[in-house]
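Architecture at a glance
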Amino acid sequence: MRPILLLVACCFSSSSFAADPMRGRLPEHMIPQLKEVIASALEGSESMLLREYFEEESEGRRISARAAVMPTFQSNVAFRQEKNLDTAAGEGWENRVVYNVTLSQPLYHWGTRRSEKELGELQYEAEKLNTDLVAASVVSRARMDFMRLIVAKQRAKRARLDADLASGQLDFQRSQVEAGAASESSLTRFELDLERKDLQALRAEADYDYRLDELAIFAAMSAKTLDGLAVGLVPQFEILDEAAVAGLVKYYDQAVEQDERIKQSAINIEVNKRQLEIAQKTLLPKVDAQLGLSSNALDLDGTRREQEYSYFGLSVGWTVFDGYRKKGRTMEALSRLSRAERAKRLGEEQLVLGFDRLLQKLNIEGRALAIEERVLQRSLEELEQVKLAVEEQRAPLSSEEKAQRDYDNTLIRTQDSRISYLDTLSQVASELGLD
């Protein structure tokens with residue numbers, strides 16, 4: 001159930017601000033089949049399955065930590081043979097059952113038992129934050145790998161088409177040689193071109209197969225299913241202008257407050273505070289209540305008592321001198337606390353600096369994509385002009401094939417640029433909590 005909730009949070013959550021600049025702009029909004037890949041990755045990827053084990057371990061530690069404030073029930077039973085050497089009748093051996101049952105409850109430990117319980121709760125919360133970070137990483141990789149897979153499929157298709165065209169040109173040249181219109185030596189250039197194009201196609205197809213298998217394993221999907229989803233194009237979309245990107249700065253404070261890494265740093269500080277509290281109160285007296293039933297006791301005159309008895313009372317225990325263990329542990333806890341507080345401050349500063357760099361990168365990727373989109377539009381116009389010229393018999397068919405090849409290659413380059421932009425945009429949305 002948790003992976004599905006994470007998918008909803010990653011793909012469909014809405015922000016509290018009025019105009020969401022990321023609405024409809026994330027890759028899964030433009031490529032619907034990507035949602036299925038993300039859902040499968042969150043449900044069955046090895047990273048998420050491992051997180052389930054880590055959370056179960058953390059839950060176990062959490063339950064164990066709660067025992068610090070809970071009562072304990074202890075008992076022991078012994079069967080033995082006794083012989084009383086101080087009496088004349090003590091020549092034989094007698095069977096005896098000795099038992100002791102005790103119920104203990106911590107009463108006052110200066111808050112250390114409560115701190116031990118809270119440590120378990122804090123560590124459990126930290127583990128859940130780790131799961132959220134891993135889930136975000138899984139979503140990010142699924143997005144990127146699937147978009148790359150789509151383009152790799154197009155590249156392999158284009159490379160195979162180029163090889164087929166080269167094969168057709170070689171066949172035509174052979175017919176020319178047979179007709180005596182060309183020399184035998186002219187075939188060498190076409191044969192080498194075919195071998196080169198065929199090798200390029202094999203490389204592109206191998207690259208696609210590798211990406212397909214890798215993503216299938218990662219997303220816990222069959223390669224056949226994933227291959228069926230990797231269709232279409234990475235579509236064209238509106239690029240955020242620099243003013244819109246600059247407007248994202250207002251979400252910095254919210255992003256720092258909600259960032260999982262900063263939350264982990266805050267939890268780490270609280271953990272060290274609890275550990276410091278425990279270390280400082282090591283030598284203070286501790287009070288416990290005890291309630292018990294026993295048959296193992298002596299009378300006032302030292303003789304054994306056969307009957308059962310019950311008792312209730314308080315026990316107070318403390319350590320007078322521990323060889324400076326308290327001093328050492330206190331120094332250690334204070335140092336860790338200071339280090340954790342400093343790490344949190346530096347983490348917040350680095351996070352804001354990272355936001356600035358991401359926004360700068362988003363603007364750069366946006367400008368690069370805008371250039372590629374214009375080149376693609378120009379290539380499309382040229383292709384349409386060449387097709388018209390071929391229809392009107394003003395240009396040979398080979399010119400249309402060349403224009404189509406140029407357009408396909410330009411489209412692939414443009415989609416690579418789109419992917420780079422969408423990847424940066426997804427990082428911005430994730431870091432600012434806008435996804």
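Structural notes, computed from the coordinates. Please read these numbers as outputs of a predicted model, since none were measured by experiment. (Residues numbered from 1 in each chain as written. Predicted model: local features only at pLDDT ≥ 70, side-chain atom pairs only at ≥ 80, totals over all residues. Heavy atoms only, no water.)

Brief notes about helix 3 (residues 33-44)
- End to end, helix 3 covers 17 Å across 12 residues, agreeing with the expected 16 Å (1.5 Å per residue, within 8%).
- Regarding helix 3, the residues found buried are Gln33, Leu34, Val37, Ile38, Ser40, Ala41 and Leu42. (Helix = DSSP H or I, 4+ residues; strand = E, 2+ residues; numbered from the N terminus. Expected span 1.5 Å × (residues − 1). Buried < 20%, exposed > 50% of the residue type's maximum accessible area, 1.4 Å probe, protein only.)

Quick notes on empty space enclosed by the protein
- Enumeration according to the criterion identifies one cavity of 30 Å³ or more in this entry.
- Looking at the largest cavity, its volume works out to about 30 Å³.
- Looking at the largest cavity, the residues that line it are Tyr252, Phe355, Leu358, Leu359, Val428, Glu431 and Leu432.
- Looking at the lining of the largest cavity, the elements with two or more residues in it are helix 11 (325-391) and helix 12 (397-431).
- Of the residues that constitute the lining of the largest cavity, the class distribution is six nonpolar, no polar and one charged. (1 Å grid on protein atoms, 1.4 Å probe; cavity = no way out; pocket = protein on both sides within 12 Å on 5 of 7 lines; lining within 4 Å. Points joined across faces, edges and corners; volume = space filled by probe spheres on them. Nonpolar A, V, L, I, M, F, W, Y, C, P; charged D, E, K, R; others polar.)

What to know about the packing of helix 4 (residues 46-66) against helix 5 (residues 112-178)
- For the pair helix 4 and helix 5, interaxial distance at closest approach is 8 Å and the crossing angle is 170°. Considering the angle they form, helix 4 stands roughly antiparallel to helix 5.
- By residue class, the composition of the contact of helix 4 with helix 5 is seven nonpolar, six polar and 11 charged. (Axes fitted to C-alpha atoms, helices over the stretch in contact; angles between N-to-C directions. Parallel < 35°, antiparallel > 145°, perpendicular 65-115°, else oblique.)

Here's the deal with the nonpolar core
- Ranked by internal contacts, the top residues of the largest apolar core, which has 60 residues, are Val37, Phe146, Leu149, Leu226, Leu248, Val428 and Leu432.
- When residues of this core are traced back to their parent elements, those giving at least two are helix 3, helix 5, helix 6 (187-219), helix 7 (223-229), helix 9 (252-258), helix 11 and helix 12.
- Not counting residues up to four positions away in its chain, the partners in contact with Val428 are Met22, Leu248, Leu358, Leu359 and Leu362.
- Membership of the second largest hydrophobic core comes to six residues, among which are Leu119, Leu122, Leu129 and Val271. (Core = buried A, V, L, I, M, F, W, Y, C linked by side-chain atoms within 4.5 Å. Contact = heavy atoms within 4.5 Å.)

A short note on helix 6
- An ideal rise of 1.5 Å per residue puts 48 Å on 33 residues; helix 6 measures up with 47 Å between its terminal C-alpha atoms.
- Three or more residues of helix 6 are buried, namely Leu187, Phe190, Asp193, Ala201, Ala204, Tyr208, Leu212, Leu215, Ala216, Phe218 and Ala219.
- Close packing links the buried residues of helix 6 with helix 3, helix 5 and helix 7.
- Looking at the residues trailing helix 6, positive phi occurs at Ala220, about 55°.

Topic: a negative patch on the surface
- Residues Glu43, Glu52, Glu56 and Glu57 make up a contiguous surface patch of negative charge.
- Here the negative patch takes three residues from helix 4, the largest share from any one element.
- Turning to its location among the elements, Glu56 is positioned in helix 4.
- Its relative accessible area of 55% is what places Glu56 among the exposed residues. (Patch = residues over 30% accessible without salt bridge, like charges linked within 9 Å, V, L, I, M, F, W, Y side chains within 5 Å. Areas by Shrake-Rupley, 256 points an atom, 1.4 Å probe, with all protein chains shown as cover. Salt bridge = Lys/Arg side-chain N within 4 Å of Asp/Glu carboxyl O. Lys, Arg positive; Asp, Glu negative; His and termini not counted. Charge placed at Lys NZ, Arg CZ, Asp CG, Glu CD.)

Focus: a nonpolar patch on the surface
- A surface patch of nonpolar side chains, about 480 Å² in accessible area, is lined by Leu107, Tyr108, Trp110, Leu284 and Leu314.
- Mapped onto the fold, Leu314 is located in strand 4 (residues 309-317).
- The class for Leu314 is exposed, based on a relative accessible area of 59%.

Points about the pattern of salt bridges
- All told, the structure shown has 34 salt bridges when counted by the stated rule.
- Between Glu205 and Arg160 there is a salt bridge whose closest N-O contact spans 2.9 Å. Here the residue Glu205 occupies a position in helix 6, and Arg160 occupies one in helix 5, the gap between them amounting to 45 residues.
- Look at Glu205 and you get partly exposed, because its relative accessible area is 25%.
- Where Arg378 meets Glu382, a salt bridge forms, and the shortest distance between an N and an O atom there is 3.4 Å. With Arg378 and Glu382 both in helix 11 and four residues apart, this pair spans about one turn of that helix.
- On the basis of relative accessible area, Arg378 is assigned to the partly exposed category, the value being 43%.
- Residue class for Glu382 comes out partly exposed when judged on its relative accessible area of 37%.

Purely geometric numbers; function is a separate question.
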